[in-house]
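Reading the structure
Chain by chain, the residues:
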2 protein chains.
Amino acid sequence: MTTVLVVDDQPLQRYGFRILLESVPETEVVGEAAHGGEAVRKAAELRPDVVLMDIRMPGMDGIEATRRIVAAGERSRVLVLTTFDLDEYVHAALRAGASGFLLKDARPDELLAGIRAVALGDAVIAPALTRRLLDEFAQYVPAHRGGHAEDPRLSSLTDREREILVAVGKGWTNGEIAAHFVLSESTVKTHVGRVLAKIGARDRIQAVIFAYDLGLARPSTD
Amino acid sequence: MTTVLVVDDQPLQRYGFRILLESVPETEVVGEAAHGGEAVRKAAELRPDVVLMDIRMPGMDGIEATRRIVAAGERSRVLVLTTFDLDEYVHAALRAGASGFLLKDARPDELLAGIRAVALGDAVIAPALTRRLLDEFAQYVPAHRGGHAEDPRLSSLTDREREILVAVGKGWTNGEIAAHFVLSESTVKTHVGRVLAKIGARDRIQAVIFAYDLGLARPSTD
DNA sequence: GTGCAGGTGGTACCGCGGTACTACACGGTT
DNA sequence: AACCGTGTAGTACCGCGGTACCACCTGCAC
């Protein structure tokens, strides 16, 4: 049994969801909320498996409510549901920690399948949006993930040098790198120097950028 | 009516797909291929709406075949189907231009829904994979798209300081920044110093990383 | 054995980066 | 008028980073 909290400012819309969800045995609507604030409060109180969240609402919108529910560490998964397929919404919702994004014109069985998937910890995206999301994804994700094509400058590095480059990419000073790998600072300097020469960077800053470009370093991987 | 080309090295698997697809009126299997090379050839010849593509095959694999079919500008959409949910496969397939990625353990109706979506130009991802993809997506996509949540450290910066930070993020030296903005190097140092203090970075390297984390700087935006 | 690649370490030197001040001009607020 | 935030600019100082060497050891290939 999957418990659901329905969040929408339109009573009729909530009613429709309730009818649909109660029509199948696996889902149960345990509460409703008409705006973001109520959603956050009821999510904490009712601890539903899934929060069915509208975006456009008076007061606190669905994005912010999603962010707070996720940030609060609630067990609930948030499935954002909207009539608008605007890119910004999708991005904002996903960044807010939503587990899914469906359009309201989805067929009932799609919606139910979505709730089922989200309840299981998976994620769902409306097919119509997935395309654009993937296109963007392909843009952002560095090429070398996907294997095959690796930057020739990278492959010329020895294992040790690659390690050093990663450390440089984390923003570590030579001293920190030396401490971490239990080396003398001189050795680190030697390595760093060779790395810079090999990848064609004039200083460690270029090396950091290089590392980020290739996905060697990752945001907040410290 | 959606025409489908089934690509799999196992005859039995192909047979299974054929039975399933022919069991509904909306899809029709117009051909089969046992490996990548044959898939590329038949896709060009039969011009199916959808290519159901296995990854693991002797000879040319499904990824490469997908790449070639997409690169050839065929009208066919490729739906990759595999037993393995390995990250590398997903990335590689999507980068190769696949319109979808489903697992072979998908329920028949999921598969049919996937084919339907892909035929319409949408894209599908197996729910079990979507989660990980989104997690990565959230990492890669710059924070400022999605608006709302802005790092408080960033908002404390003045316009000029933000400009300077972006320049630092590009890996420019103080001298280069000074030249670019027509300032004295002293002024640049002052600005950089203030930026570092405000964002809590000990040196410009941390600032570069900070800029990348927030998407202020983007790979290869030079 | 000799040679080479890779890893480690050292010395010496220089310059850029960063800090700590101070200073002044401008626009807006009170 | 006094004040503050912002942008500009300067001087002085110090240290880390980077370069240019050289040196030694290990393991592996010839």
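With an unreviewed UniProt entry as reference, chain A is termed Response regulator transcription factor, source organism Streptomyces guryensis.

Another aspect to go through is the pairing of strand 4 (residues 77–82) of chain A. Residues and elements named next belong to chain A. Across the six residues of strand 4, five count as buried, placing the element largely inside the fold. Of the strand pairs in this sheet, strand 3 (residues 50–54) and strand 4 are connected by five bridges, and their pairing is parallel. Considered in strand 4, the bridge of Val50 is made with Arg77. Handedness of the strand 3-helix 3 (residues 62–71)-strand 4 crossover: right-handed.

Its volume calculated, the largest pocket comes out at about 1,000 Å³. For the largest pocket, the lining is made up of 40 residues, of which Glu110 and Ala113 of chain A together with Glu110, Ala113 and Pro127 of chain B are closest to its centre. For the lining of the largest pocket, the elements supplying multiple residues, two or more each, are strand 5 (100–103), helix 5 (108–119), strand 6 (124–125) and helix 6 (127–140) of chain A together with strand 5 (100–103), helix 5 (108–119), strand 6 (124–125) and helix 6 (127–140) of chain B. Looking at side-chain class alone, the lining of the largest pocket contains 24 nonpolar, four polar and 12 charged residues.

Turning our attention to the side chain of Thr66 of chain B. Residues and elements named next belong to chain B. Assignment of secondary structure puts Thr66 in helix 3 (residues 62–71). The class for Thr66 is buried, based on a relative accessible area of 0%. Reaching out from Thr66, the side chain makes a polar contact with the backbone oxygen of Gly62 at a distance of 2.6 Å. With near-sequence residues (within four places) excluded, Thr66 lies in contact with Met53, Val78, Val80, Ala93, Ala96, Gly97 and Ala98.

Let us look at the protein's contact with DNA strand C. Surrounding DNA strand C, one finds 17 residues, the nearest of these being Thr158, Arg160, Ser184 and Arg194 of chain A together with Arg204 of chain B. Of all atoms in DNA strand C that approach within 4 Å of the protein, 63% are sugar or phosphate atoms. Backbone polar atom of Ser184 of chain A to a phosphate oxygen of DNA strand C: 2.8 Å apart, as the coordinates give it. When residues of the surface near DNA strand C are traced back to their parent elements, those giving at least two are helix 8 (159–169) and helix 10 (185–199) of chain A together with helix 10 (185–199) of chain B. With five residues, helix 10 of chain A is the single largest residue contributor to the surface near DNA strand C. A breakdown of the residues in the surface near DNA strand C according to their chemical character gives two nonpolar, nine polar and six charged.

Cut-off values and rules
- Residues numbered from 1 in each chain as written.
- Chains lettered and ligands numbered in written order.
- Predicted model: local features only at pLDDT ≥ 70, side-chain atom pairs only at ≥ 80, totals over all residues.
- Heavy atoms only, no water.
- Buried < 20%, exposed > 50% of the residue type's maximum accessible area, 1.4 Å probe, protein only.
- Helix = DSSP H or I, 4+ residues; strand = E, 2+ residues; numbered from the N terminus.
- Pairing = 2+ DSSP bridges.
- Right-handed = clockwise from strand over helix to strand, strands pointing away.
- 1 Å grid on protein atoms, 1.4 Å probe; cavity = no way out; pocket = protein on both sides within 12 Å on 5 of 7 lines; lining within 4 Å.
- Points joined across faces, edges and corners; volume = space filled by probe spheres on them.
- Nonpolar A, V, L, I, M, F, W, Y, C, P; charged D, E, K, R; others polar.
- Polar contact = N/O pair within 3.5 Å; in protein donor to acceptor, adjacent residues only side chain to side chain.
- Contact = heavy atoms within 4.5 Å.
- Near = heavy atom within 4 Å.

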